[in-house]
Amino acid sequence: MLRGNSYMTRKFFAAIVLCIVFVCAILGLIPRVRLEMINTDVAILADYREISALAKNSGLDVLEAIEMLKQNGLTGLMVSELTGDNISHGIGWAEFTITRDPERGTEGTVISILPNSPHKDLLNRWLRARFSIKNHDNSPIFLPLSVSMLKTVGIIPDIDGLEAAKKSGLPIYYRPAPSPGTLPNNAAEMLKLVHEKYHVAVFTPAGEVVSGYPDVSALANVAKEFEIPLAVVEFSRQMGEKNLNELVSPMLMPLHSVTNEEMMSRNITRVALRDRLIRAAVERSVRLLLLRTAPQNTTNFSFRDFSSEMNLLARALGDHNFSVKFPEPLFRANSPHEFRGFLGNIVVSFAVSVMLIFAVWRYFTRMGLAENSRTRIIFVIAALVMTVLCAKVAFVARIACALLAPMIAVEASLLAMDYNQNRSLIQGFAFVLVGGLAVAAFYSLPEYMLRLRAFSGVKATLIIPPVLVILHDFKRRIHPESILEFLSRPPFWGELILCGMLAVAVGLMIFRSGNVAIISSFESRMRDTLENLLIARPRTRETFIGYPSLLLLNFLVSRNYLARYREILRVGVVIGFSSVINSFCHFHTPLLLILLREFNGLWTGLLFGLILVVMIRFVLIPVLRILRPLFS
């Protein structure tokens with residue numbers, strides 16, 4: 001191809017490369033997009049015990065209350081295994097009696113099922129299975145454990161909730177509680193028994209530590225044997241959760257919930273809670289939403305309020321084209337192997353390899369490496385070798401993609417800031433979109449879409465591009481000094497201030513680059529406003545840093561202003577394009593939403609930058625000219 005087209009210009013060769021990468025990326029993304037388009041079912045879950053309490057306060061029968069909630073969007077019922085703390089507070093059909101072991105003289109606890117229980121025989125069988133008691137009569141059982149030691153331990157399933165779910169026809173979201181340390185696998189046995197009797201639709205272990213940790217295989221084996229999906233709670237810090245996710249994968253379903261403690265400590269309003277749930281479904285493909293009632297003693301929250309709130313949530317989900325019904329897992333046991341075959345892996349590996357080699361090659365040609373037909377032949381050979389390595393060696397693939405993201409940001413930024421070319425911004429934006437699609441295609445696999453694995457180059461994309469662009473600018477004398485001249489003279493105060501501001505900004509971006517970054521209330525309100533107006537909120541670094549810096553830089557270059565201080569704006573442009581490529585690394589976010597977000601970021605950033613340039617041109621500069629004689 002290169003031999004027959006040795007006359008190619010640099011631009012034409014680059015266009016051919018981008019077209020090839022674009023086609024390969026689109027082919028690699030077809031399975032993901034197809035799955036995202038049919039993944040529109042969202043379940044609204046509620047805790048049975050919370051519903052029961054609200055119904056009682058409102059004088060309603062709990063089954064009547066559940067039916068009313070079903071009409072307003074309730075699609076699943078959370079039922080938990082009752083712990084010692086629950087039993088001590090009179091919840092459920094068991095009771096404790098403190099006693100002493102007659103043989104050892106140590107304090108113990110007698111657990112008995114209440115005689116008026118409508119399911120006495122079943123609960124006695126479950127109680128014995130929970131604590132591995134061999135006798136099969138209905139007599140109380142003795143445990144050599146104090147009541148305080150049983151506080152967080154699972155005792156019996158909440159059979160009232162299970163029966164309510166069965167009678168109302170709602171899928172069960174079951175939460176097995178931790179086991180005593182001497183019986184680490186008994187929570188798994190209870191999950192099995194409950195599933196056989198009531199059919200568990202999805203489950204999540206309760207407590208701070210997964211029962212059986214560090215060996216969580218017992219729960220995983222039951223889940224796989226009976227094909228019970230695991231609900232993965234977003235932002236959870238439960239010990240042993242990652243191990244369990246790995247073992248149950250790919251039967252995972254993301255769930256979003258806000259605990260009562262978080263609602264009170266962060267003063268989250270009911271409107272903000274609903275917005276968070278909607279955002280989880282729209283932006284992060286969460287398909288299980290647990291709507292909690294208001295924490296006790298914080299507000300006069302009634303069943304009517306809860307029912308109305310659930311209706312508003314269901315209607316809002318409908319407005320976003322979701323169906324309020326219980327979803328199926330994205331992947332079943334055998335589907336990951338069928339998701340992308342060998343040919344698809346080759347195609348996406350080729351896209352990543354070509355894009356990486358091209359971006360590196362372009363950087364070095366900008367730094368002075370000669371470009372000719374021989375270097376293009378080397379480029380093709382290197383791309384083919386890299387394709388084979390990426391397809392066959394996982395470590396090479398991770399390194400290649402971790403390098404690709406920063407190099408895409410570098411080349412896109414340099415293209416956009418090349419004011420000697422027409423349509424430089426369009427070229428830079430097109431380059432970062434094609435590169436982002438290539439990265440997204442390569443990582444569009446179940447383990448990344450289910451968040452078992454995360455892209456490892458996010459921090460590198462924030463650090464490496466500014467460094468490479470600064471080195472490029474010193475080498476090509478875009479900055480008026482060479483790097484040796486810059487280092488050999490004393491710094492100016494303005495440079496020190498700008499460097500300090502830049503260091504603080506970079507540190508803040510790195511700190512805020514996680515999923516649970518802390519933001520101010522003003523920024524939170526601004527984000528909510530943008531989401532309501534634009535559906536897909538543009539990212540702050542693009543709207544308020546990247547694109548405005550590009551327009552302001554263009555203005556300063558055209559007027560030949562502040563040549564010594566323009567580098568800070570060039571770094572701002574790099575930060576914006578780095579944010580764009582990082583958006584494509586959110587593999588759980590629907591691809592069409594990412595594309596909409598980036599186009600929104602482009603036009604809002606340009607609009608903000610234009611306003612900034614107009615203010616400087618027609619307000620700031622005239623004012624400075626008027627004030628200059630006063631200080632001369």
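Residues numbered from 1 in each chain as written. Predicted model: local features only at pLDDT ≥ 70, side-chain atom pairs only at ≥ 80, totals over all residues. Heavy atoms only, no water.

Engineer: Tell me what's going on with the overall build of the protein, and back it up with residues and numbers.
Structural biologist: A tally of helices and strands in the protein yields 25 helices and 12 strands. Burial analysis of the protein (632 residues in total) assigns 51% to the buried set. For the protein, the computed accessible surface area is about 30500 Å², with 61% contributed by carbon and sulfur atoms. (Helix = DSSP H or I, 4+ residues; strand = E, 2+ residues; numbered from the N terminus. Buried < 20%, exposed > 50% of the residue type's maximum accessible area, 1.4 Å probe, protein only. Areas by Shrake-Rupley, 256 points an atom, 1.4 Å probe, with all protein chains shown as cover.)

Engineer: Explain the pattern of salt bridges residue by residue, including any values.
Structural biologist: Under the defined criterion, the tally for this structure stands at 15 salt bridges. Salt-bridge contacts for Glu-411 lead to Arg-362; the nearest nitrogen and oxygen are separated by 3.3 Å. Placement of the pair is Glu-411 in helix α16 (residues 394-416) and Arg-362 in helix α14 (residues 342-366), with a sequence separation of 49 residues. Both residues of the pair, Glu-411 and Arg-362, belong to the buried class. Ionic pairing is found between Glu-411 and Arg-366, a salt bridge with its closest N-O pair at 3.1 Å. Note that Glu-411 is positioned in helix α16 and Arg-366 in helix α14, a separation of 45 residues in sequence. What you see here is one network of salt bridges that share partners, running through Arg-49, Asp-158 and Asp-160. (Salt bridge = Lys/Arg side-chain N within 4 Å of Asp/Glu carboxyl O.)

Engineer: Break down the nonpolar core for me, with residues and values.
Structural biologist: Formed by 92 residues in total, the largest nonpolar core has its most connected members in Leu-77, Ile-111 and Trp-126. In terms of residues, this core owes the most to one element, helix α12 (residues 303-319), which gives 7 residues. Residues in contact with Trp-126, not counting those within four places in the same chain, are Pro-157, Ile-159, Leu-162, Met-190, Leu-193, Val-194, Lys-197 and Tyr-198. Counting 77 residues, the second largest nonpolar core, distinct from the first, contains Trp-361, Val-439, Cys-585 and Ile-594. (Core = buried A, V, L, I, M, F, W, Y, C linked by side-chain atoms within 4.5 Å. Contact = heavy atoms within 4.5 Å.)

Engineer: Can you tell me about the environment of Arg-566, naming the residues and giving the values?
Structural biologist: In this structure, Arg-566 sits in the loop between α23 (540-559) and α24 (567-583). Here the alpha-carbon distance between Arg-566 and His-479, two residues 87 residues apart in the chain, equals 7.7 Å. In contact with Arg-566, other than residues within four places in its own chain, are Leu-553, Leu-556, Val-557, Asn-560 and Tyr-561.

Engineer: Can you tell me about the pairing of strand β2 (residues 74-83), naming the residues and giving the values?
Structural biologist: Counted residue by residue, β2 has 9 buried out of 10 residues, so it is predominantly covered. Where strand β1 (residues 41-47) meets β2, 4 bridges bridge the pair, whose relative direction is parallel. Residue pairing across strands places Ala-46 opposite Leu-77, the latter belonging to β2. Bridging between β2 and strand β7 (residues 172-175) involves 4 bridges; their strand directions are parallel. Among the inter-strand pairings, Val-79 is bridged to a residue of β7, identified as Tyr-174. Two strands pair when backbone bridges link them, and β2 and strand β6 (residues 154-157) are joined in this way by 3 bridges, in the antiparallel orientation. By the bridge assignment for β6, Leu-82 is matched with Ile-156. (Pairing = 2+ DSSP bridges.)

Engineer: Explain helix α5 (residues 120-130) residue by residue, including any values.
Structural biologist: Turning to α5, its buried residues number three or more, namely Leu-122, Leu-123, Asn-124, Trp-126, Leu-127, Arg-128 and Arg-130. Each element contacted by the buried residues of α5 is listed here: β2, β4 (107-113), β5 (141-143), β6, α6 (159-168) and α7 (186-198). Looking at the residues trailing α5, positive phi occurs at Ser-132, about 55°.

Engineer: Just give me the short version of a nonpolar patch on the surface, but keep the residues and values in it.
Structural biologist: A cluster of nonpolar side chains, namely Trp-603, Leu-607, Leu-610, Ile-611, Val-614, Met-615, Phe-618, Val-619, Val-623, Ile-626 and Leu-627, defines an oily patch on the protein surface of about 1000 Å² accessible area. Turning to its location among the elements, Val-619 is positioned in helix α25 (residues 591-627). (Patch = residues over 30% accessible without salt bridge, like charges linked within 9 Å, V, L, I, M, F, W, Y side chains within 5 Å.)

Engineer: Could you give an account of the layout of surface pockets, with specific residues and numbers?
Structural biologist: Here the second largest pocket is characterised by a volume of approximately 850 Å³. In terms of lining, the second largest pocket is formed by 33 residues, of which the most central are Arg-366, Leu-414, Leu-415, Asp-418 and Gln-421. Of all the elements in the fold, those that place two or more residues in the lining of the second largest pocket are α1 (10-38), α14, α16, α17 (424-442), α23 and α24. The element that contributes the greatest number of residues to the lining of the second largest pocket is α1, accounting for 5 residues. When its residues are assigned to classes, the lining of the second largest pocket shows 16 nonpolar, 6 polar and 11 charged. (1 Å grid on protein atoms, 1.4 Å probe; cavity = no way out; pocket = protein on both sides within 12 Å on 5 of 7 lines; lining within 4 Å. Points joined across faces, edges and corners; volume = space filled by probe spheres on them. Nonpolar A, V, L, I, M, F, W, Y, C, P; charged D, E, K, R; others polar.)

Engineer: Any details on the packing of aromatic side chains? Residues and values, ideally.
Structural biologist: A complete count under the given rule lists 20 aromatic pairs for this structure. Between Phe-301 and Phe-306, the ring centres sit 6.2 Å apart and the planes meet at 70°, which makes this aromatic pair edge-to-face. For Phe-301, a relative accessible area of 17% corresponds to the buried category. Using a relative accessible area of 0% as the deciding quantity, one classes Phe-306 as buried. With 6.0 Å between their ring centres and 80° between their planes, Tyr-547 and Phe-577 make a pair best called edge-to-face. Note that Tyr-547 is positioned in helix α23 and Phe-577 in helix α24, a separation of 30 residues in sequence. Note on Tyr-547: relative accessible area 2%, which makes it buried. One aromatic cluster is present, built from ring pairs that chain together Phe-13, Phe-358, Trp-361, Phe-379 and Phe-431. (Phe/Tyr/Trp six-rings, centres within 6.5 Å; stacked < 30°, edge-to-face > 60°.)

Engineer: Before we move on, can you summarise the side chain of Ser-168 with the specific residues and values?
Structural biologist: Here Ser-168 shows up in helix α6. Taking the relative accessible area as the measure of exposure, Ser-168 reaches 5% and is therefore buried. For Ser-168, the side chain forms a polar contact with the main-chain oxygen of Ala-164, separated by 2.7 Å. Contacts of Ser-168, omitting those with residues within four sequence positions, involve Ile-66, Glu-67 and Lys-70. (Polar contact = N/O pair within 3.5 Å; in protein donor to acceptor, adjacent residues only side chain to side chain.)

Engineer: Give me the lowdown on the packing of α16 against α24, citing residues and values where you can.
Structural biologist: As a packed pair, α16 and α24 sit with axes 8 Å apart at the nearest point and diverge in direction by 130°. The orientation of α16 relative to α24 falls into the category oblique. As α16 packs across α24, the resulting crossing turns out to be right-handed. The segment α16 lies against α24, with Ala-405, Ile-408, Ala-409, Ala-412, Ser-413, Leu-414 and Ala-416 engaging Arg-570, Val-573, Val-574, Phe-577, Ser-578 and Ile-581. (Axes fitted to C-alpha atoms, helices over the stretch in contact; angles between N-to-C directions. Parallel < 35°, antiparallel > 145°, perpendicular 65-115°, else oblique. Left-handed = near helix turned anticlockwise from the far one by under 90°.)

Engineer: An account of the sheet that holds β5 is needed here, citing residue identities and associated values.
Structural biologist: Two orientations exist for strands paired in a sheet by backbone hydrogen bonds: parallel and antiparallel. In spatial order, the strands read β3-β4-β5; together these 3 strands make up an open sheet with antiparallel pairing. The outermost strands of the open sheet, each flanked by one partner alone, are β3 (94-100) and β5. Going from strand to strand, the sheet's axes swing by 30° on average, the running direction of each strand aside. Bridge count between β4 and β5: 3 bridges; the pairing is antiparallel. Paired with Thr-109 across the bridge in β5 is Leu-143. Relative to the sheet, α5 contacts β4 and β5, its axis offset from that of β4 by approximately 150°.

Engineer: Summarise unusual backbone geometry; cite the residues concerned and give the values.
Structural biologist: A cis amide bond links Tyr-213 with the next residue in sequence, Pro-214, at an omega value of 15°. Of note, Pro-214 is situated in the loop between β8 (200-203) and α8 (217-226). Looking along the chain, the bond that leaves Ser-249 and enters Pro-250 is cis, with omega of 10°. In this structure, Pro-250 sits in the loop between α9 (241-248) and β10 (252-257). Phi is positive for Arg-451, which is not a glycine, with a value near 65°. Inspection of the secondary structure assignment puts Arg-451 in the loop between α18 (446-449) and α19 (458-475). Judged by its relative accessible area of 29%, Arg-451 falls in the partly exposed class. Its identity as a non-glycine residue notwithstanding, Arg-477 has a phi of 60°, on the positive side.

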